Amino acid sequence: MMQTCPLCASRDCLPYHRDARRAYHRCQGCELVFVPPAFHLSPAAEKAEYDKHENHPDDPGYRRFLSRLFMPLRERLAPDACGLDFGAGPGPTLSVMFAEAGHPMAIYDPYYAPDASVLSDTYDFITATEVVEHLYAPGRELVRLVERLALDGWLGIMTKRVRSREAFARWHYIQDPTHVCFFSEATFCWVARRLGLHVEFPAADVVLLQKTNATAGLLSDFDNILLYGEKLRH
């Protein structure tokens, strides 16, 4: 069956890998590797997996993990910058760390903090730590997040990146049944070009994307492409 890329809506997607549970395809345009919808979990099964997470703001190990994004992003923020932690999970911690540093954050999570009104505000920075690999419609979600950024605002993403097909086949990251989208550095560079964003890679699993003057017009064009792709899928 022909697959449509959930990031860029291209139908030029080829089989990339298969294991005992799922198939994985790779878009020839944006280079996203993704799991076809037939292998996605139900909302109840997905939440049951998330409920197993035991992250907590008082856990120093978890704070060290999040510091890989926290430190480089904090260095780029103005003193009065306010943010949004998108996909905060059952134990919001990054928002606590930024608040302690003088940067208050709203939080949103479809299961644990589902107040969607925060997605109508504008922010100086938005974080998504270990989130994009879970998104069924990453193109749509990234557009929505960039729309909520102020000019020159930052979107900070933490996710492990695809290195090669050989490494992918042995990768522990694909064993999580809630992980359905896998980005490479090339994929994030594609996103930056397509949406007029400045991109930086301060760590192996961290990417920072900054909104520029070029972004607004490109967002509208890309949104129309995604709408067309959704019509093809249905």
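First, a word on scope: everything that follows refers to the structure included in this document. (Residues numbered from 1 in each chain as written. Predicted model: local features only at pLDDT ≥ 70, side-chain atom pairs only at ≥ 80, totals over all residues. Heavy atoms only, no water.)

## Some details on the nonpolar core
Rules: The term nonpolar core refers to a set of buried residues drawn from Ala, Val, Leu, Ile, Met, Phe, Trp, Tyr and Cys, joined through side-chain atoms within 4.5 Å. To sort residues, take the accessible area from a 1.4 Å probe on protein chains only and compare it with the maximum for the residue type: under 20% means buried, over 50% means exposed, and anything in between is partly exposed. Where helices and strands are cited, they refer to DSSP runs of H or I of at least four residues and of E of at least two residues respectively, numbered from the N terminus. Every residue pair with non-hydrogen atoms within 4.5 Å of one another is taken to be in contact.
In this structure, C5, L7, L155, I157, F168 and F182 are the most contacted members of the largest nonpolar core, which totals 51 residues. In terms of residue count, helix α6 (residues 185-195) provides more of this core than any other element does, five residues in total. Look past the residues within four positions of F168 in its chain and what remains in contact with it is Y16, H17, Y24, V33, V162, I174 and F182. Of all hydrophobic cores here, the second largest spans 16 residues; its members include L73, A81, L94 and M158.

## Section: the pattern of salt bridges
Short version of the rule: Within this document, salt bridges are pairs made up of a side-chain nitrogen of Lys or Arg and a carboxyl oxygen of Asp or Glu, the two lying within 4 Å of each other.
Taken as a whole and assessed by the stated rule, the structure comprises nine salt bridges. Two residues, E31 and R26, come together in a salt bridge whose shortest N-O distance is 2.9 Å. R26 sits in the partly exposed class, given a relative accessible area of 24%. Its salt-bridge partner being R68, residue D205 comes within 2.5 Å of it at the nearest N-O pair. Residue D205 is found in the loop between β9 (197-203) and β10 (206-211), and its partner R68 is found in helix α2 (residues 60-74); the two are separated by 137 residues along the sequence. The class for D205 is buried, based on a relative accessible area of 6%. In the salt-bridge network here, residues are joined through shared partners; they are E75, R76 and E200.

## Here we look at the sheet that holds strand β2 (residues 23-27)
Heads up, the rule is: Two strands are counted as paired when DSSP detects at least two bridges linking them.
Spatially, β1-β2-β3-β8 is the arrangement adopted by the four strands of the open sheet, whose pairing is antiparallel. Only two strands of the sheet have a single partner each, and these edge strands are β1 (13-18) and β8 (181-182). Of the strand pairs in this sheet, strand β3 (residues 33-34) and β8 are connected by two bridges, and their pairing is antiparallel. Bridging across to β8, V33 finds its partner in F182.

## Considerations on the environment of Q28
Assignment of secondary structure puts Q28 in the loop between β2 and β3. Since its relative accessible area comes to 37%, Q28 is described here as partly exposed.

## So, the side chain of Q210
This is how it is decided: Counted as a polar contact is a pair of N or O atoms within 3.5 Å, where, for protein atoms, one must be capable of donating a hydrogen and the other of accepting one, and residues adjacent in sequence contribute only when both atoms are in side chains.
Tracing the sequence through the fold places Q210 in strand β10. Look at Q210 and you get buried, because its relative accessible area is 18%. A polar contact is formed between the side chain of Q210 and the backbone oxygen of D152, at a distance of 3.1 Å.

## A closer look at the sheet that holds β9
Rules: Fitting a line to C-alpha atoms yields each axis, with helices limited to the stretch in contact; the angle taken between N-to-C directions then spans 0 to 180 degrees.
The strand order β5-β4-β6-β7-β10-β9 describes an open sheet built from six strands, whose pairing is mixed. Whereas interior strands pair on both sides, the edge strands pair on one side only; in this sheet they are β5 (105-108) and β9. Averaged over all adjacent pairs, the angle separating strand axes in this sheet is 20 degrees, with direction ignored. Two elements, strand β7 (residues 149-158) and β10, share five bridges in a ladder whose sense is antiparallel. Considered in β10, the bridge of W154 is made with Q210. In the packing of α2 onto the sheet, the strands contacted are β6 (123-129), β7, β9 and β10, and the crossing angle to β7 comes to about 155 degrees.

## With respect to the pairing of β1
Note that β1 and β2 share five bridges and pair antiparallel. Of the residues in β2, the one forming a bridge with P15 is H25. The turn joining β1 and β2, which pair antiparallel and follow one another in sequence, is formed by four residues.

## Focus: the state of the cysteines
Defined as follows: Cysteine sulfur atoms that pair up within 2.5 Å are treated as a disulfide.
The full count for this structure, using the stated rule, is zero disulfides. Looking at C5, it has no disulfide partner, and the nearest cysteine sulfur is the one in C30, 3.5 Å off. Judged by relative accessible area, C5 falls into the buried class, the value being 0%. With no disulfide of its own, C189 lies closest to C30 among cysteine sulfurs, the gap being 12 Å.

## Examining the pairing of strand β4 (residues 83-86)
For a regular strand, side-chain orientation follows a simple rule: the groups alternate between the two sheet faces. This is how it is decided: If you view a crossover with the strands going away from you and the path from the first strand over the helix to the second runs clockwise, you call it right-handed.
Side chains of β4 alternate between two faces, with G83 and D85 and L84 and F86 buried alike. Direction of pairing for β4 relative to β5: parallel, over a ladder of four bridges. Looking at β5, one finds that F86 is bridged to Y108. Crossover handedness for the path β4 to helix α3 (residues 94-100) to β5: right-handed. Looking at chain direction, β4 and β6 are connected through three bridges and run parallel. The partner of L84 across the bridge, within β6, is I126.

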